[in-house]
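Topology and contacts: notes
Single-letter residue listing:
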Amino acid sequence: MGTEMLAMILAGGQGTRLGKLTKNIAKPAVPFGGRYRIIDFTLSNCINSGIKKVGVVTQYQPLSLNNHIGNGSSWGLDGIDSGVTILQPYSSSDGEKWFEGTAHAIYQNISYIDQMDPQYVLILSGDHVYKMNYEAMLEEHIANNASLTVAVLEVPLKEASRFGIMNTDEHDRIIEFDEKPAEPKSNLASMGIYIFNWGRLRSVLLNNYSKDGQMLDFGKHVIPSYLEAGENVYTYRFNGYWKDVGTIDSLWEASMEFISLENELHMRDKRWRIFSKNTISPPHFITETASVSHSLVVDGCYVAGTVKNSILSTGVQVKKGSTIESSVIMPGATIGKNVKIKNAIIGENAIIGDNTVVYKENDIEVIGYSEVIGGKSDDD
C-alpha cells in the first residue's frame, strides 16, 4: 500500500549568509524563538497536515540536525505507519556526490521515494518560519487536476524582483515563470513549496538526467520545462505569516516579530502546535536584581540583569549589571557581568566576558557558535 503524499524537506542549505551561526550546524538546525529550531516549523506543519511520511534531505553539517530530529518522536513521526528518514548525500558510481540543486536532490533519492510509493510528492524547504496546511493545498491540486502546484505569496510589487514570480491566467493556472524579473508582471512569489504528481516528476527527472542532466533546480529548470510541455501547473495562494530566515537580518527581524505582542504565528494555538525536540530543563530563575520587559525568557535561564525586547533561549545565563536589548541569545550562552548587548545575535554556547560591549551602529552584530569574547567571566 503506497502513501498518498510524501513530504521531502530540503535541509541541505549551507546557510553561508548566516555566517558564523552556521559554521558548525546546518541552517535548518539554527535555533529560533527560544525553544525551537527552524526546521520545527516545517516538520510540525507536516504532522498537523496529516502527513505521516517525511524524508529530510541533508547535506552540510547534518550532525546536529540528525541529533535534533532523532526518530521523529517529538513530532509524533515514529508510529507504525509514520516515519521520518534522514537522507544523506552519497556517491553514485559516476562520482556524483553533492546535490547540485533542489531537483537534483530529489533525483538522488528516487529509490527512497519509490520505496514509499507516493501518489504525490510535497517539496518543502527546511528554513522557513510559517504555519501552513498542506492538506488544503493538496485538495486544490487534485481539484485542478494539476500536474504541479506551486505555493505563492503576494509580495509588494517593489520587492517582487527578489523572487521567482508566477504569472497566471484568471483560473490561477501558471502561464509564465519569471526568475527574479527586473520588471515583474505580477506579485505572486514562489515560496519554494511544490506538490508534484510523482509518476510525472519521476519520468521528467529520469529522462532529463539520461539525456543531458540539466534538470538541477525546480525554479530554474523543472517549472519552465513543465510549462513548455503544456502541463497543468497551478498556483496555491497562501496568505499567512511566512518568513525566509536565511540571512542575519531576516533571522533577527523574524525573532523580533516573534516577540511582538500581535504575534502573527499564534504560537499558543492548540490546534496547530509547533513541536520541538523534547528536552527537560529546570524552570527559569530571575533574581531580584533583574528586570525583564517585552521579552521571551524560556526554561533553564538564569537572569540577574536587564532584558528588553529580546529572546533568551534555553539555558542562557545573564549575570548582574548586564543589559540586553533587541537581541537574540541562543541556547546555552553565558553573558558575564556589566555586559551591554544591543541589536545582536549571540550564538549557541557563546561566552561573553565581563564588561564587554556587543553593539554595532546600523548593523546586527553576530557572535558565533561557542565563540568566547571579552575578559574572563568570574562566577558569581
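All of the points below concern the structure found in this document.

Comments concerning the overall build of the protein
Along the backbone of the protein there are 8 helices and 29 strands. For 380 residues, the compact-globule formula gives about 21 Å, and the C-alpha radius of gyration of the protein, at 22 Å, lands near that figure. Its C-alpha atoms give the protein principal-axis dimensions of roughly 65 × 45 × 40 Å. Residue burial in the protein is summarised as follows: out of 380 residues, 54% are buried. Taking as baseline every contact in the protein between residues at least 6 positions apart, the subset at least 24 positions apart corresponds to 57%. Roughly 17000 Å² of accessible area belongs to the protein as shown, and the carbon and sulfur atoms make up 47% of that amount.

Structural notes on helix 5 (residues 134–143)
The set of residues buried in helix 5 consists of Y134, M137, L138 and H141. Taken around the axis of helix 5, the buried residues stretch over an arc of 100°, which confines them to a single face. Opposite the buried face of helix 5, at more than 90 degrees from it, the exposed residues are E139 and A143. Taking the backbone nitrogen of E135 as reference, a side-chain oxygen 2.9 Å away marks N133 as the first, capping residue of helix 5. N145 sits one or two positions beyond helix 5 and adopts a positive phi of about 50°.

A closer look at the pattern of salt bridges
Where charged atoms from two side chains of opposite charge come close, those side chains can pair. The tally for this structure, following the rule as stated, stands at 13 salt bridges. In this structure, E231 and R200 form a salt bridge, with 2.3 Å as the shortest nitrogen-oxygen distance. Here E231 is found in the loop between helix 7 (218–228) and strand 12 (233–238), whereas its partner R200 is found in helix 6 (residues 198–211), with 31 residues between them in sequence. The structure contains a network of salt bridges with shared partners spanning E154, D172 and R237.

Looking at helix 7
Within the sequence span of helix 7, burial applies to F218, G219, V222, I223, S225 and Y226. For helix 7, the side-chain oxygen to backbone nitrogen distance between the N-cap and G219 is 3.2 Å, and the N-cap itself is D217. Following helix 7 by one or two positions, G230 adopts a phi angle in the positive range, close to 75°.

Brief notes about the packing of aromatic side chains
Within a pair of aromatic rings, the relevant descriptors are the distance that separates the centres and the angle that separates the planes. For the structure on display, the rule yields 11 aromatic pairs. Taking the centre distance of 5.9 Å and the plane angle of 50° together, the rings of Y36 and F41 count as tilted. Judged by its relative accessible area of 13%, Y36 falls in the buried class. F41 gets classed as buried once you look at its relative accessible area, which sits at 0%. Their ring planes at 70° and their centres at 5.6 Å tell us that F196 and Y226 sit as a pair that is edge-to-face. Of this pair, F196 sits in strand 11 (residues 188–197) while Y226 sits in helix 7, placing them 30 residues apart in sequence. Y226 shares its class with F196; the two are buried. Here the aromatic residues F32, Y36, F41 and F258 are joined through ring pairs into a cluster of three or more. For R200, the ring lying beneath its charged end belongs to Y226, and the centroid distance is 5.9 Å.

Describing the nonpolar core
Counting residues in each nonpolar core, the largest one holds 37 residues, and the members touching the most others are V54, V56, L122, L124, M132, Y134 and I193. Per-element tally for this core: the top contributor is strand 11, with 4 residues. Within the second largest apolar cluster, 34 residues are counted, among which are L6, L148, L205 and V233.

So, the pairing of strand 11
A large share of strand 11 lies buried, amounting to 8 of its 10 residues. In terms of strand pairing, strand 6 (residues 118–125) meets strand 11 through 4 bridges, oriented antiparallel. Bridge pairing in strand 11 links L122 to I195. Note that strand 8 (residues 148–154) and strand 11 share 6 bridges and pair antiparallel. Counterpart to L153 in the pairing with strand 11 is A189.

Section: the sheet that holds strand 21 (residues 323–325)
Taken together, 5 strands build an open sheet; the order of strands is 15-18-21-24-27 and the sheet is parallel. The open sheet terminates on both sides in strands that have one partner only, identified here as strand 15 (291–293) and strand 27 (357–358). In this sheet, strand 24 (residues 340–342) lies alongside strand 21 in parallel orientation, the contact comprising 3 bridges. Residue I324 lies in a different strand from strand 24, and its bridge partner there is I341.

Calculation criteria
- Each chain has its residues counted from 1, following the order in which its sequence is written.
- Residues qualify for local features only when their pLDDT is at least 70, as the model is predicted, and side-chain atom pairs are given and counted only at 80 or more; totals for whole chains, interfaces and linings, by contrast, use all residues.
- The side-chain quantities take in all heavy atoms of the structure and omit both hydrogens and water.
- Put simply, DSSP marks the helices as runs of H or I at least four residues long and the strands as runs of E at least two long, and each gets a number from the N terminus on.
- With the radius of gyration taken over C-alpha atoms, the globule rule is written as 2.2 Å times the number of residues to the power 0.38.
- Type-normalised accessible area, obtained with a 1.4 Å probe on protein chains alone, sets the label of each residue: buried when under 20%, exposed when over 50%, and partly exposed for intermediate values.
- Two residues qualify as a contact provided that any one of their heavy atoms is within 4.5 Å of a heavy atom in the partner residue.
- Working definition of accessibility: Shrake-Rupley area with a 1.4 Å probe, residue cover restricted to the visible protein chains.
- The arc in question is traced by the directions running from the helix axis to the C-beta atoms.
- In the analysis that follows, any N or O atom pair within 3.5 Å is treated as a polar contact, provided that within protein one partner can donate a hydrogen and the other can accept it, and provided that, for residues neighboring in sequence, both atoms belong to side chains.
- The working definition used for a salt bridge is a side-chain nitrogen of Lys or Arg within 4 Å of a carboxyl oxygen of Asp or Glu.
- Put simply, two rings from Phe, Tyr or Trp (the six-membered ring, in Trp's case) pair if the centres are within 6.5 Å, and we call them stacked under 30 degrees between planes, edge-to-face over 60, tilted for the rest.
- Look at NZ for Lys and CZ for Arg. If either is within 6 Å of the ring centre and within 35 degrees of the ring normal, a charge sits over the ring.
- Think of a nonpolar core as a cluster: buried Ala, Val, Leu, Ile, Met, Phe, Trp, Tyr and Cys residues, connected wherever their side-chain atoms sit within 4.5 Å.
- Two strands make a pair as long as DSSP finds a minimum of two bridges between them.

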